[in-house]
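Residues per chain, in single letters:
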Amino acid sequence: MIKVLLWDIDGTLLNFEKAERQAIGTCFSLFGLGECTEEMLARYSAINSSYWKRLERGELTKQEVLLGRFQEFFGQEGIPVDKWYYGSEEQIKGGEIADTREEHPETGLIAAFNKEYQVRLGDTIHFNDHGYELVKDLKSKVKQYAATNGTFIAQERKLKKSGLEELLEGAFISDNIGIEKPSQGFFDYVFEQIGPYGKDEVMIVGDSLTSDMQGGNNAGIVCCWYNPKGEAKDKNLRIDYEIENLQQVRDILNVTVQPWQIKRANHACMNEHVM
């Protein structure tokens, strides 16, 4: 019987793609970099994803991921990094901010852009599949925690603004632990904090095969793969449950579904609650 849920945040409970689009667009405006088109965003997303996977494989540090992705992206797009300023032309002309367009070393722009990006990621909250209502409804039935590799700045903001902070028992953020999913050490720390539960009583729900499912395999806990896009399964991983819609977690837990709630993903996929 499942008694504890470990929820991944980005890409699982929350729609990361929409938050990413908003954050990148805002930062491009603030730093006077022009428009980040859909094509540019798609290229950045691919770069970003590749860097996080390298982190999960232990090939890069978190700091190398955070800065390296933007360094590669800016270089690929031909975005000048030797001259930059914080704020748009309109903001400067309107007197909202001072004109501080000065020359800076390359890492100056990248570090500043990344720092602002972490904050802006939490500005827009989109829940997948009525995830907020799901977590709220399960609050009295199972223990629920966040388990995320995101940065502390971004995740803390998301948890507060989304209301998840009040619904979850706690949050395990890799920045605080000092170890990333899928490392065994991450989950060892989780078990030290949540108390004496059996491995078969704890289930991780996440969208990443390399982070969430691999981590669940390493820890020996129940693995529930959230796969709304119907991606191919890794045959080398043990996946106990595969779902297309978060509401299917109710079926796994044998929790009664209310009439307004979504039960099967093939009837309504990717419904969102926006805050």
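Quick summary incoming for the structure in this document.

Conventions we followed
Residues numbered from 1 in each chain as written. Predicted model: local features only at pLDDT ≥ 70, side-chain atom pairs only at ≥ 80, totals over all residues. Heavy atoms only, no water. Salt bridge = Lys/Arg side-chain N within 4 Å of Asp/Glu carboxyl O. Helix = DSSP H or I, 4+ residues; strand = E, 2+ residues; numbered from the N terminus. Buried < 20%, exposed > 50% of the residue type's maximum accessible area, 1.4 Å probe, protein only. 1 Å grid on protein atoms, 1.4 Å probe; cavity = no way out; pocket = protein on both sides within 12 Å on 5 of 7 lines; lining within 4 Å. Points joined across faces, edges and corners; volume = space filled by probe spheres on them. Nonpolar A, V, L, I, M, F, W, Y, C, P; charged D, E, K, R; others polar. Arc of directions from axis to C-beta. Axes fitted to C-alpha atoms, helices over the stretch in contact; angles between N-to-C directions. Parallel < 35°, antiparallel > 145°, perpendicular 65-115°, else oblique. Left-handed = near helix turned anticlockwise from the far one by under 90°. Contact = heavy atoms within 4.5 Å. Phe/Tyr/Trp six-rings, centres within 6.5 Å; stacked < 30°, edge-to-face > 60°.

### A word on the pattern of salt bridges
It is possible for side chains of opposite charge to pair when their charged atoms get near one another.
Phase 1 of the analysis: Taken as a whole and assessed by the stated rule, the structure comprises 20 salt bridges.
Phase 2 of the analysis: With a closest N to O distance of 3.8 Å, Arg54 and Glu59 form a salt bridge.
Phase 3 of the analysis: Across the pair Asp212 and Lys181 runs a salt bridge, and its minimum N-O distance is 2.6 Å. One end of the pair, Asp212, is in helix H11 (residues 209–219); the other, Lys181, is in the loop between helix H9 (174–177) and helix H10 (184–194), and 31 residues separate them in sequence.
Phase 4 of the analysis: According to the relative accessible area criterion, Asp212 is buried, its value standing at 1%.
Phase 5 of the analysis: Linked by salt bridges that have partners in common, Glu116, Arg120, Asp123 and Arg157 make up one network.

### What about the layout of surface pockets?
Gaps left between atoms are located by rolling a probe of water-molecule size over the structure's atoms.
Phase 1 of the analysis: Volume-wise, the largest pocket comes out at about 1,100 Å³.
Phase 2 of the analysis: Elements with a minimum of two residues in the lining of the largest pocket: helix H1 (16–30), helix H2 (38–56), helix H3 (62–77), helix H5 (106–120), helix H7 (152–162) and H11.
Phase 3 of the analysis: For the lining of the largest pocket, the leading source of residues is H2, giving six residues.
Phase 4 of the analysis: Its residues assigned to classes, the lining of the largest pocket comprises eleven nonpolar, 16 polar and 13 charged.
Phase 5 of the analysis: Reported here for the second largest pocket is a volume of approximately 150 Å³.
Phase 6 of the analysis: In this structure, the second largest pocket is lined by Phe152, Glu156, Leu159, Lys160, Leu164, Glu165, Leu168, Glu169, Gly170, Ala171, Ile173 and Asn176.
Phase 7 of the analysis: With four residues, the top contributor of residues to the lining of the second largest pocket is H7.
Phase 8 of the analysis: Tallied by class, residues from the lining of the second largest pocket come to six nonpolar, two polar and four charged.

### Focus: helix H6 (residues 131–138)
Phase 1 of the analysis: Along H6, the positions that sit buried rather than exposed are Gly131, Tyr132, Leu134, Val135 and Leu138. For H6, the buried positions fall inside an angular range of 165 degrees around the axis, keeping them on one side.

### Here we look at the packing of H1 against H2
Any two packed helices are characterised by the angle at which their axes cross and by the distance between the axes.
Phase 1 of the analysis: Packing of H1 against H2 brings their axes to within 11 Å, and their N-to-C directions diverge by 115 degrees. Considering the angle they form, H1 stands roughly perpendicular to H2. When the axes of H1 and H2 are compared, the crossing they make is right-handed. Contact residues: Phe16, Glu20, Arg21, Ile24 and Phe28 in H1; Glu38, Met40, Leu41, Tyr44, Ser45 and Asn48 in H2.
Phase 2 of the analysis: Class assignment for the residues of the contact of H1 with H2 results in six nonpolar, two polar and three charged.

### A short note on the packing of aromatic side chains
Phase 1 of the analysis: Taken as a whole, this structure holds 15 aromatic pairs when the rule is applied.
Phase 2 of the analysis: With centroids separated by 6.4 Å and ring planes inclined at 55 degrees, the aromatic side chains of Phe28 and Phe73 adopt a geometry described as tilted. Linking Phe28 in helix H1 with Phe73 in helix H3, this pair joins segments that are 45 residues apart in sequence. Here the two residues Phe28 and Phe73 agree in accessibility, since each one is buried.
Phase 3 of the analysis: With centroids separated by 6.2 Å and ring planes inclined at 85 degrees, the aromatic side chains of Phe172 and Tyr189 adopt a geometry described as edge-to-face.

### Concerning empty space enclosed by the protein
Phase 1 of the analysis: Under the criterion given, the structure shown has one cavity of 30 Å³ or more.
Phase 2 of the analysis: Looking at the largest cavity, its volume works out to about 40 Å³.
Phase 3 of the analysis: Taken together, Asp10, Leu14, Asn15, Phe16, Ala19, Leu121, Thr124, Ile125, His126 and Lys158 make up the full set of residues lining the largest cavity.

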